[in-house]
Structures are given as structure tokens and as C-alpha cells.
Amino acid sequence: YDLPPRLVYQPTILDEGTREAANAATIPNHSFCDFIVTTGPRRQRYVTTTPLEVQVARTTTTTSAGGGNIVSDGEVDLSTKLTFNIPVSVELQSSPLMPLPPLEDKEENTPKRLDPQTKYVFQSERRVATIPYGGQPQDEEVVEIRKKLYEQITKDGLKPKLDESGRPQFFFWSYNVKNCFIDSGLGMAIYVYHWKGAKSNAVGIELEVPTGREIATAS
């Protein structure tokens, strides 16, 4: 199905953990622009958005720092990049400023070797296909679900959208994560337990938008 254009807040980070660490299931600390007071006389009103979209992709970056996945030459494997696409609340979009985390906080919350980044990105119209799933982005089962999804769309005559390396672009929608925004940006994330059998999340793949339907954007 088709998704309309939208503005997203996009933190990225290199993943030094294992699949079992499930770092893609939570928004990294360097992403938050502020904190939200939720109790007491000064509690703040916030607006939530969902789902949290996560892309887990391979890179070629490694580091000699300790920890993480160890490869044959003794370096830490940082070949996996996590990209979080967080829908921006309408209230924040109407603001003349697009808040980002203070640089010093970003460096304090996340080691520089993980290359923590944050930015706002306008996404043009997208065509996607998804399969319901109740687990987390880095579960072992996701590998087979991706394979099944790819085989199904090619069988149906649909064309997957490829990245710069010629690989299909998969993503994961986490509906159990509520992204909380205030005037100063992303301030909190709420993680809600969902029974796995409910299959409330989804594994997805990007598809090529048919010629003539692409939305023109100003350069």
C-alpha cells in the first residue's frame, strides 16, 4: 500500500551489541532533545506518535575499541547501522524551529565511536508491503519473515526498492513504542507490552513507486 509524504525525526547509531541485546527495540539515548515532567504541579502536556520505524542495515565500519561483536582481527564489529524514523507530531511541525539534542549531551549519552547522529528528514511518497509480527526488530524469526515477504512480492510482480548496495530495503514498525514530543522536541518514549501472539508490529519492505506517481520536490 501507499504512504503519504511525511516529516520524520531520524536518529542513527552504529550497533555494537549482539542480536540478543536488541538495541533496535529502543530509541538510543542521544535521540532525546529534552525531558518531560509527568507528575506534580509542573507536569507537561506531550503528544505521542507511532509507530517507531527501524531499519537495520549493514555498513563497513569497524573500531578497535573494546566490547561488542568481535571479528577475526580483534576489532569490534560495528558493521550494523540502526536508523530510527520517528513520525514528528503535527504541533512540532508547525513550529518555526526543529529542535535537536545539545551536542554535548549527545556525546555524553553515546560514545563517539558509535557515530550518533540526529536530523529531520522529509520522506516522499512511499509504496510498501508488510507482514504482521509480534516480536522485536532483531529477532531470529525476522530473517525468515523478510525472506517470505521478498518471495511473495516478487511472485506478485512487484519490484523491491534497492539501496545503494543493491540490497532490498527492509524496515520494522514497532507499534508498542509511543514517541512523546513537546515544544522542545522528542522528550520521552513509552514502551507498552503487547502479547507476541497479537502480531501488533510489522516487518516491511520498500517497493518502487510507479513512474508518473512520484512527487516532485524542490531542489
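I will try to describe carefully the structure that is included in this document. (Residues numbered from 1 in each chain as written. Predicted model: local features only at pLDDT ≥ 70, side-chain atom pairs only at ≥ 80, totals over all residues. Heavy atoms only, no water.)

Moving on, we come to the overall build of the protein chain. Scanning the protein chain from N- to C-terminus turns up three helices and 14 strands. The proportion of buried residues among the 219 residues of the protein chain is 40%. Long-range pairs, those at least 24 residues apart, make up 80% of the contacts in the protein chain between residues at least 6 apart in sequence. Total accessible area on the protein chain stands at roughly 12400 Å², and carbon and sulfur atoms take up 51% of it. (Helix = DSSP H or I, 4+ residues; strand = E, 2+ residues; numbered from the N terminus. Buried < 20%, exposed > 50% of the residue type's maximum accessible area, 1.4 Å probe, protein only. Contact = heavy atoms within 4.5 Å. Areas by Shrake-Rupley, 256 points an atom, 1.4 Å probe, with all protein chains shown as cover.)

So, on to the pairing of strand S10 (residues 126–133). Of the strand pairs in this sheet, strand S1 (residues 2–3) and S10 are connected by two bridges, and their pairing is antiparallel. Opposite aspartate 2, over in S10, you have arginine 127 as the bridge partner. Of the strand pairs in this sheet, S10 and strand S14 (residues 201–207) are connected by seven bridges, and their pairing is antiparallel. Paired with valine 128 across the bridge in S14 is glutamate 206. (Pairing = 2+ DSSP bridges.)

What follows concerns the pairing of strand S4 (residues 52–58). Where S4 and strand S11 (residues 170–174) come together, three bridges link them in antiparallel fashion. Paired with glutamate 53 across the bridge in S11 is tryptophan 173.

Attention shifts here to the sheet that holds strand S8 (residues 80–87). Spatially, S1-S10-S14-S11-S4-S8-S2-S9 is the arrangement adopted by the eight strands of the open sheet, whose pairing is antiparallel. The open sheet terminates on both sides in strands that have one partner only, identified here as S1 and strand S9 (117–123).

Pairing is antiparallel in the open sheet, where three strands are placed in the order S3-S12-S13. Strands at the two margins of the open sheet, each flanked by one partner only, are strand S3 (47–49) and strand S13 (185–191). Adjacent strand axes in the sheet meet at a mean angle of 35°, parallel and antiparallel pairs treated alike. Across three bridges, the pairing between S3 and strand S12 (residues 177–182) is antiparallel. Residue threonine 48 lies in a different strand from S12, and its bridge partner there is cysteine 180. (Axes fitted to C-alpha atoms, helices over the stretch in contact; angles between N-to-C directions.)

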